[in-house]
Amino acid sequence: MTIYKSPIPDQVIPQINVYSFVASNPNNIKDSYPIFIDALTGRVVTFGEWKRDTRRWATGLQSLGFKRGDVLALFSFNQVDYSIPMFGSLLLGGIATTVNPGYTANELAYHLEDSGASIIVTHPELLPVAIEGAKKVGLPLSKIFLYGNKEVDGFKPYSATFPPENTVEDLLAPVAELKGKDATETIALICYSSGTTGKSKGVELTHFNLISNIMLIIAMERGIDIQGVAFLDVVPMYHIYGIQFHIIHGIYNGSKTVVLQKYSPVDFLKAIQEYKIAFLNLVPPQILMLVKAPIVDQYDLSSVRFVMSAAAPCSRELSMGLLKKFPRIQFRQAYGMTELSGVSHMGLYHKVIHGSIGYMVPNQEVRLVDPETGKGAGVGECGEVWVRGPNVMKGYRNNVKGTKETIDSEGWLRTGDIAIVDKDENFYIVDRLKELIKYKGFQVAPAELEALLLDHPLVLDAAVTSVEDKEQATEVPLAFVVKAPREGQALTEKDIQDYVASKVAGHKKLRGGVRFIEAIPKSVSGKILRRELRLLL
Ligand code: 4UU
């Protein structure tokens, strides 16, 4: 079977603590350099502050009894100091887990319980949800800390645990050195993803996983000057896209990253104009907005030189439309997955191939496997993308079965995406084999919504799939529902949409609507036949 390799040479990947990697400063930025700037308030975190405060928080964490292997949960919107609590934990050899700030208390409680988090850092606005979530899992409220510098309702900012400013370096918590196997085996981050099937699962990424993905991304950026110019971060920092690109890649390279706490088109456009943003890492609906929305013409976007699209498919028409409107821009697409610590494929800015996810990043092997026959697909033929390399996750937390179903005994990870490769080694995603739905780049796991629907007293059976919303360049979740016959009790599409909306984070709403049917197509073993379901659309 053909095994594909990147045309870019393999890289040497350091086996160290990802904290030491990020702080190593290969581009010699000064301590006074602003690495994160809040787009709305102008608040800055300099490289020097980042190094000092991560060490101070680590010292504070130690005083709370937090140690190597313990888990810290971050439950917040984007913040200029989002990564400080995260790296304070990582430097100790602890773990960070990032939680979607849109979560309800139930969703948060599942995440806390499954990851085993013992401390939460949250945004004051999210405090009520954090408290409810913590109570549900019996996490003491004294273990909740806040972003910002104010005490709210008796809850302290994380900085309240810092030792005094003038504490000598030697008294601050030392960085846990991780060498060789320690770096390749020690878990640094747990991000949640439903993978190819079922509920959201904790993806365990090691220090080495994270570093490898950054080295591989950088190998695809030769010749591009990323120093001194501004990046705008509108992708969420809780998601692997934001963590890898804007936190780890950003700090390691010494980039200046302007941070938008929450995305809105106006704030986004204003920030580009005001901070003369050169690099934008986006998802397809944001690119559509740049191409189509009349409001765009009111802003000066001439500073933008590079746009990357990732996390969901970007069509040929969409990227061609972008370059037609903004001829000075260079564009590339990247294809990523949480279980791959970031990306496996990436285009080159100077060589755009519309509709393609680009080349393989180095150090990996890829196979394209026919899902029916298990045979390898050749050039121009479709196959499921299997990846093996240093970026493949360690496994799913507390889930040996799920890990084995996803990574085989030879280390190949099944992505659940179908691709073809052309003779020039450009890959194209053409279909998705797995259940996953992506709403504007956010994950929606059909199995989770199905379980919720089955809890409804008037629902006999349910299955969730997606439809395309071309106007917004995204998929949207849609449910097929079989009603439970009950005298005198009506059940409407809106009832079901409202019911789901009241239980889950906003991106999981049934925006595609509800269709009532007689029976859900199932296999003899009771598995939903998702392909048949799609034929009913
Ligand atoms: C078609 O989307 C991501 C990760 C994105 C990422 C990470 C680090 C981008 C840049 C970066 O630096 O991960 P998940 O786990 O949320 O979703 C994974 C799934 C894929 O399996 C695929 O189905 O999202 C879909 N996907 C894409 N589909 C991701 N990128 C693409 C793409 N085209 N370009």
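Criteria and cut-off values
Residues numbered from 1 in each chain as written. Predicted model: local features only at pLDDT ≥ 70, side-chain atom pairs only at ≥ 80, totals over all residues. Heavy atoms only, no water. UniProt positions renumbered as here; feature names shortened; annotations may be inferred. Core = buried A, V, L, I, M, F, W, Y, C linked by side-chain atoms within 4.5 Å. Buried < 20%, exposed > 50% of the residue type's maximum accessible area, 1.4 Å probe, protein only. Helix = DSSP H or I, 4+ residues; strand = E, 2+ residues; numbered from the N terminus. Contact = heavy atoms within 4.5 Å. Domains from an automatic or database assignment. Buried area = accessible area lost by both parts, 1.4 Å probe. Salt bridge = Lys/Arg side-chain N within 4 Å of Asp/Glu carboxyl O. Near = heavy atom within 4 Å. Polar contact = N/O pair within 3.5 Å; in protein donor to acceptor, adjacent residues only side chain to side chain. Areas by Shrake-Rupley, 256 points an atom, 1.4 Å probe, with all protein chains shown as cover. Nonpolar A, V, L, I, M, F, W, Y, C, P; charged D, E, K, R; others polar. Pairing = 2+ DSSP bridges. Axes fitted to C-alpha atoms, helices over the stretch in contact; angles between N-to-C directions.

- In the nomenclature of an unreviewed UniProt entry, the protein chain is known as Acetyl-CoA synthetase-like protein of Lobosporangium transversale.
- On record in UniProt, under Sequence similarities (unreviewed entry), the comment for the protein chain is "Belongs to the ATP-dependent AMP-binding enzyme family."

## Focus: the nonpolar core
Then, number 1: Grouped together as the largest cluster of nonpolar side chains are 98 residues, with contacts concentrated most on W50, M86, F87, L189, I248 and M346.
Then, number 2: Among the elements that make up this core, the one with the highest residue count is helix α7 (residues 207-219) (nine residues).
Then, number 3: W50 has contacts with Y19, V22, A23, I35, V45, S83, I84, F87 and I251, leaving out every residue within four places of it along the chain.
Then, number 4: I37, V258, L301 and I329 belong to the second largest nonpolar core, which has 31 residues in total.

## Some remarks on the domain arrangement of the protein chain
Then, number 1: Examined at the domain level, the protein chain breaks down into domain 1 (47-207) and domain 2 (444-536).
Then, number 2: Each of domain 1 and domain 2 has a C-alpha centre, and these two points are 35 Å apart.
Then, number 3: Taken together, the eight residues of domain 1 in the interface contact nine residues of domain 2.
Then, number 4: Buried surface at the junction of domain 1 and domain 2, both sides included, amounts to about 560 Å², of which 56% is carbon and sulfur.
Then, number 5: Run the count over domain 1 and domain 2 and you get one salt bridge.
Then, number 6: Its salt-bridge partner being E107, residue K508 comes within 2.5 Å of it at the nearest N-O pair.

## Notes on the site of the ligand
Then, number 1: In the vicinity of the ligand, 24 residues are found, and the nearest of them are H239, T338, D417, K434 and K438.
Then, number 2: Within the side chain of K438, an N or O atom sits 2.7 Å from an oxygen atom of the ligand.
Then, number 3: Taking 680 Å² as the accessible area of the ligand by itself, protein coverage stands at 99%.
Then, number 4: Here the residues of the shell around the ligand are counted per class, giving 14 nonpolar, six polar and four charged.

## Describing the UniProt feature "domain: AMP-dependent synthetase/ligase" (unreviewed entry) in the protein chain
Then, number 1: This chain's UniProt record puts "domain: AMP-dependent synthetase/ligase" (unreviewed entry) on residues 38-396.
Then, number 2: Helix makes up 31% of residues 38-396 and strand 23%, whereas the separation of the span's terminal C-alpha atoms amounts to 34 Å.

## A closer look at the sheet that holds strand β2 (residues 34-38)
Then, number 1: Reading across from one edge, β3-β2-β11-β10-β12-β13-β14-β15-β16 is the order of the nine strands in this open sheet, with mixed pairing throughout. If you trace the sheet from one side to the other, it starts and ends with β3 (44-46) and β16 (359-360), each paired once.
Then, number 2: Sheet analysis places strand β10 (residues 230-233) next to strand β11 (residues 256-259), joined by four bridges and oriented parallel. Of the residues in β11, the one forming a bridge with F231 is T257.
Then, number 3: Lying on the sheet, helix α2 (residues 47-63) is in contact with β2 and β3; it crosses β3 at an angle near 75°.

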